[in-house]
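Geometric and topological summary
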Amino acid sequence: MSRHILRLFAIFALLCTAWAGDQIPNAAWRIPLGTIPDTVGGRKPELVTNIDDGPFQGAPVGGFGAGTFSRTTRGNFERWHLKAGVHKYQNVPANQFAVFAQAEGQPAVAQVLSTSKPEHGELSSWNWSYPAGKGEYAAVYPKAWYVYNSQQLPVKLTLEQFSPVLPNNYRESSYPVAVFNWYVENPTGKPVTVSVLFSWTNMVGWFRDFSRDFRAGLSTLNKNAYRSEKLANGSMQGIVFDRLRFSPVQDEWDGQFAIATLAGADAQVSYVATYDPSGPGADTWNTFSKDGTLPNTALDFESSGETIAGAIAVKITVPAGGKKVIPMALSWDLPIYQFGSGRKWVRHYTKFFNESGTNAWNIAKVALQQGEKWSAEIDAWQKPILGDESKPAWYRSELFNELYILADGGTAWGHELSGNSNPKHKSAQLADTFSFLECFDYLYYGTLDVRFYGSFPLIKFWPDLEKQEMRQFADTIGESLNQNTMWSWKSTKEGKLVLMPRKAAGVAPHDLGSPLEDAFTNVNQYNYQNVTDWRDLNSKFVLLIWRDYVLSGKKDIDFLRYAYPAVKLAMQHLLKFDTDGDGLIENGGFPDQTYDNWVARGESSYSGSLYVAALRATAEMARIVGDNAIANSNDALFKKVQAAFIKKLWNNSYFDYDTASPYKKDIMAEQLAGQWYASLTGLGDLVPPEMRKSALQRVYDYNVMKFQNGKMGAVNGIGADGEGLKENEQVEEVWVGTTFSVASHMISEGLKEQGFATAKGVNNVVWVDRGYWFRTPEAYNAQGFYRASMYMRPGAIWAMEYSLEGAAQKSAK
């Protein structure tokens, strides 16, 4: 949909929305405020270093590459991803909302809108008594809602929260801003005075290191300042959280925050620019709880090591049966990010402001001016899917809620501070570098074998970002990095140091680097396995290039031409893995694909099917760019390899795991990963349709239905007799993203009921039973304990949407 048409829809939605507080979509994911399921889970007990922040997580705010943070379902700001590639988890009590309400002739009520108290007694004078379960949290990312309807309050409050993450939008989607719209509804027969307080801490300087905790012993001189500015739609008032400046912003921890709102004839704004959040906070709370106002003090107080906070309050009167809206905005301007090597980058959003780090007020101003339009544009984007009742409600909400990781996954989007692109990488001269992490436990940007699944939402809604990241990978294929690094898995197995090359020419890298090193320049930080000899990476690189060309409309020939030399190199490298001359590559007897603890030996269904698909894709790309010699040779090789794949692996029911390991007859859920991509991108039959349906039905009957009664998704591997396997941790896990890929493939082959039932198992675990929302893991076991939260691969749920669209097109014909 074009930006122009989307804007028209947005205007229409604004005209039709009388009361946005009533417009929480029916399909939204919901849970009572501050509650968790009785069956809540956690990380696997043996994985003590894996992040486990608990089950109260909420949708994040912040644009792509801007840094993000999130407010929990209890009402606390706790998860912080503001330093690129770093996860910090800590409640900051003064970052909070509170409400004052007084019905005419009745006593006043003032409460902090959190269902939990600060652990260390901060702000003890504040009323932290809001009851858990009295209200509801709902989410359809990028929006979330908090509904407060405690009997202690004479009004119903609904907070709508979002950042302007919008499809095909490469401007506002990068903004470091959050909009908080408060919808106040008075169901009583008397007027009610209501005031909403928004407090924030001056956090400049807090995001310095790679630890998971704040180091608040600041060496900065922080200072808060009250500001006011006349706008066309009211008087903007708020607080800028800054530091005493002696030079322009030069460090990643330096910049500003701001909170702001709009005053008007029926909205009185008051403030306290600076208060001490480490003590009881009585001066601030006593004035607010008395009449809903703050003392309008702008103390000239500077902090050197102490924590300081500030707050604003907006006071309105809501008539009997009436409704009013209080808009608020939170912005931050931290323009620089820096990786472990010391290289500095500038965030993408600075292209629309500047790189000074002093634009928090201006960013908040844009949000207060454009917030209604952004909200309507989000609604217009989501409505066709959320309103499609032919699809299950759980699926419609999860589609959007799994998008959170695109912004919240340690996402980097920007250019080098010097303004000089990496001379080795031409892609940096075309657009800003973009990527997000595999997860915060596995600190690798753009992990190729995983983004093969997790990047479907990018190609659907932000194709320019997806193709830029693939150009970044294309730049690396011909490179070699002549460093010897430890092969961790083999060194452990053999009890002695085994070295491997960091990166060989012709090999697709596992990743684009780590934030701990020199990301995007020094690639392939992963050293658990020797990826130089992995069998799936090169095939996946080729298939991703083909997919991105096809699913973005088959028009971007320049993208195809850019990547095609790297495609040829990647395919040439794979030829060496055919050791018996049948054309089909063999696996090497170590875990040489994305299942990096699961050994394959000889020809295998997973790596083999990916290779067959890559041959077909290469032939098609060669024809398009005019390389007929490669097209013809790959056509011939494809037929040879296709025959070998079927002959060696088809067992008249499904495709064997491999040909030479002790567990070759095991049933792998992803045995036809290559055909999955072929079906989505028009590459045709790698194996006959009847074989595909038989294999997928076998996966459904065994990997899904014989595993935990079909309620937990598709287990990666299961015995031919349906018995569970114990060969390694991965074979007995459910991988969320691969379950979605299998479900997508089932739908493509006409097994729609089985596909949705397979994917529903993931929803049961993540979004219902175990409390893993907004931290969807890579994997979990039969007991529901997870490994690696906040993971990239679950974005594969959007492949199901592509499969449904393809099935609809077939039926229409």
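All values derive from a computational prediction rather than experimental measurement. Throughout, a residue's number is its position along its own chain's written sequence, starting from 1. The predicted origin of the model limits local features to residues at a pLDDT of at least 70 and limits the giving and counting of side-chain atom pairs to 80 or more, whereas totals for whole chains, interfaces and linings rest on all residues. Side-chain measures were taken over the full set of non-hydrogen atoms in the model, leaving aside hydrogen atoms and water.

**Some details on the confidence of the model for the protein chain**
For any part of a model where pLDDT is low, the fine detail of the predicted coordinates should not be relied upon. Rules: The pLDDT value expresses, per residue, how confident the predictor is, ranging between 0 and 100. Throughout, a residue-residue contact means that at least one pair of heavy atoms, one from each residue, lies within 4.5 Å.
Summary statistics for the protein chain give a mean pLDDT of 94 and a share of 95% for residues scoring 70 or more. Contacts of residues 1–18 to residues separated by more than four positions or lying in other chains number 22 contacts, the stretch itself having pLDDT below 50.

**What to know about helix α8 (residues 463–476)**
Basically, it comes down to this: Only DSSP runs of H or I covering at least 4 residues are called helices, and only runs of E covering at least 2 are called strands; the numbering of each starts at the N terminus. To estimate the expected span of a helix, subtract one from its residue number and multiply by 1.5 Å. Each residue's exposure class comes from its accessible area (1.4 Å probe, protein chains only) as a fraction of the maximum for that residue type: buried when under 20%, exposed when over 50%, partly exposed otherwise.
Taking 1.5 Å as the rise per residue, α8 with 14 residues should run 20 Å; its terminal C-alpha atoms sit 20 Å apart, in good agreement. When you tally the buried positions in α8, you get 13 out of 14 residues, the bulk of the element.

**Side note on the pairing of strand β12 (residues 192–201)**
The line we're drawing: For two strands to count as paired, DSSP must find a minimum of two bridges between them.
With nine of its 10 residues buried, β12 lies for the most part within the structure. The sheet contact formed by strand β6 (residues 96–103) and β12 spans eight bridges and is antiparallel. Pairing of F100 across the sheet is with S195, part of β12. Sheet analysis places β12 next to strand β18 (residues 309–318), joined by 10 bridges and oriented antiparallel. Looking at the pairing, T193 lines up with T317 of β18.

**Here's the deal with the pattern of salt bridges**
Two side chains bearing opposite charge may form a pair once their charged atoms approach each other closely. As a reminder of what qualifies: Between Lys or Arg on one side and Asp or Glu on the other, a salt bridge is scored when a side-chain nitrogen of the former is within 4 Å of a carboxyl oxygen of the latter.
Here the structure, examined in full by the defined rule, presents 48 salt bridges. For the salt bridge of D266 with K324, the shortest nitrogen-to-oxygen distance reads 3.6 Å. Taken as a pair, D266 in the loop between β15 (256–263) and β16 (268–275) and K324 in strand β19 (residues 323–333) lie far apart in primary sequence, 58 residues in all. Across the pair D533 and K576 runs a salt bridge whose closest N-O atoms are separated by 3.7 Å. With D533 in the loop between β25 (499–503) and α10 (537–551) and K576 in the loop between α11 (557–574) and β26 (587–588), the pair connects residues that are 43 residues apart, well separated along the chain. When its relative accessible area of 22% is taken as the criterion, D533 is described as partly exposed. Its relative accessible area of 48% is what places K576 among the partly exposed residues. Counted as one network, the salt bridges with shared partners bring together R451, E466, E469, R547 and D548.

**Points about the nonpolar core**
Where we set the bar: Take the buried Ala, Val, Leu, Ile, Met, Phe, Trp, Tyr and Cys residues and link them wherever side-chain atoms come within 4.5 Å; each set so joined is a nonpolar core.
Counting 231 residues, the largest nonpolar core has W182, W200 and F541 as the members making the most contacts within it. Considering each element in turn, this core owes the most residues, 11 residues, to helix α12 (residues 605–625). Discounting residues that sit within four places of it in the chain, W200 has contacts with F69, F77, W80, A94, N95, F241, F257, I259, A309, G310 and L330. The next biggest cluster of nonpolar side chains, apart from the first, holds 22 residues, and it includes A66, L166, V179 and Y349.

**Quick word on the packing of aromatic side chains**
Heads up, the rule is: Aromatic rings from Phe, Tyr and Trp, taking only the six-membered ring of Trp, are treated as a pair when their centres fall within 6.5 Å; an angle between ring planes under 30 degrees marks them as stacked, one over 60 as edge-to-face, and anything in between as tilted. Here, over-ring charges are defined by two tests on the NZ atom of lysine or the CZ atom of arginine: distance to the ring centre within 6 Å, and angle to the ring normal within 35 degrees.
Under the counting rule described, the total for this entry stands at 75 aromatic pairs. Considering the side-chain rings of Y130 and Y148, the 5.3 Å spacing of their centres and the 85° angle between planes classify their relative orientation as edge-to-face. On the criterion of sequence distance, the pair formed by Y130 in the loop between β7 (109–112) and β8 (135–140) and Y148 in strand β9 (residues 143–148) is long-range, its members being 18 residues apart. Pairing F400 with W798 gives two aromatic rings, centres 5.5 Å apart and planes at 80°, and the pair type is edge-to-face. One end of the pair, F400, is in helix α4 (residues 393–401); the other, W798, is in helix α18 (residues 797–812), and 398 residues separate them in sequence. In terms of burial, F400 and W798 fall into one category: buried. Note that K490 overlies the ring of W487, its terminal NZ or CZ placed 5.5 Å from the centroid. Across from the ring centre of Y702, 5.2 Å away, lies the NZ or CZ of K706, which sits over that ring.

**Section: the sheet that holds strand β22 (residues 412–416)**
Our working definition: Geometry is summarised by axes, namely lines fitted to C-alpha atoms with helices restricted to the contacting stretch, and by angles between N-to-C directions that run from 0 to 180 degrees.
Read across the open sheet, the four strands follow the order β20-β21-β22-β23; overall the sheet is antiparallel. In the strand order of this sheet, the two ends are held by β20 (336–338) and β23 (433–435), each with one partner. Going across the sheet, the axis of each strand differs from the next one's by a mean of 40°, ignoring polarity. Contacts from α8 reach β22 and β23 within the one sheet, and its direction differs from that of β23 by about 100°.

**Remarks on the sheet that holds strand β30 (residues 734–735)**
Sheet architecture is open: three strands sit in the order β30-β31-β32, paired in antiparallel fashion. Among the strands making up the open sheet, the edge pair consists of β30 and β32 (786–787). Two strands pair when backbone bridges link them, and β30 and strand β31 (residues 779–780) are joined in this way by two bridges, in the antiparallel orientation. Note that in β31 the partner of W735 across the bridge is A779.

**Things to note about a nonpolar patch on the surface**
What counts is decided by this rule: Exposure above 30% relative accessible area and no salt bridge define the residues that can form patches, which grow by joining like charges within 9 Å and nonpolar side chains of Val, Leu, Ile, Met, Phe, Trp and Tyr within 5 Å. A 1.4 Å probe and the Shrake-Rupley method give the accessible areas. Residues count as covered only by the protein chains that appear here.
Together, M486, L497 and L499 line one region of the surface with nonpolar side chains, adding up to about 290 Å² of accessible area. Topologically, M486 is positioned in strand β24 (residues 481–486).

**Describing the environment of E398**
Quick reminder of the rule: Here a polar contact is recorded for every N or O atom pair within 3.5 Å, except that within protein the pair must consist of a potential hydrogen donor and a potential acceptor, and residues adjacent in sequence are included only if both atoms are side-chain atoms.
Summarising the element assignment, E398 is placed in helix α4. A relative accessible area of 1% places E398 in the buried class. Along the chain, E398 and W29 lie 369 residues apart, while their C-alpha atoms are 7.6 Å from each other. Contact partners of E398, with chain neighbours within four places excluded, come to F740, V762, N763, W767 and I797. Side-chain polar atoms of E398 contact the side chain of N763, separated by 2.8 Å. Among the polar contacts listed, one links the side chain of E398 to the side chain of W767, at a separation of 3.3 Å.

**Quick notes on the packing of helix α16 (residues 736–748) against helix α17 (residues 752–769)**
To keep things clear, this is the line we draw: Oblique is the label for any angle not covered by the other classes, which are roughly parallel (under 35 degrees), roughly antiparallel (over 145) and roughly perpendicular (65 to 115). If you view the pair so one helix is near and one far, a crossing is left-handed when the near helix is turned anticlockwise from the far one by less than a right angle, and right-handed when it is turned clockwise. Asp, Glu, Lys and Arg are counted as charged, while Ala, Val, Leu, Ile, Met, Phe, Trp, Tyr, Cys and Pro are counted as nonpolar; the rest, among them Gly, fall into the polar class.
Running from N to C, α16 and α17 cross one another at 160°; their axes reach a closest spacing of 7 Å. Taken together, the axes of α16 and α17 are roughly antiparallel relative to one another. Like other packed secondary-structure pairs, α16 and α17 cross with a definite hand, here left-handed. Between α16 and α17, the contacting residues are V736, T739, F740, A743, M746 and I747 on the first element and K752, Q754, G755, T758, A759, V762 and V766 on the second. Each residue belonging to the contact of α16 with α17 can be placed in one class, and the counts come to eight nonpolar, four polar and one charged.

**Regarding the pairing of β8**
Burial of β8 is extensive: five of the six residues sit out of reach of the surface. Here strand β1 (residues 29–32) pairs with β8 via four bridges, running antiparallel. Looking across to β8, one finds that I31 is bridged to Y137. Across six bridges, the pairing between β8 and β9 is antiparallel. Counterpart to V140 in the pairing with β9 is K143. The antiparallel pairing of β8 with β9 creates a hairpin that spans two residues between the two strands.

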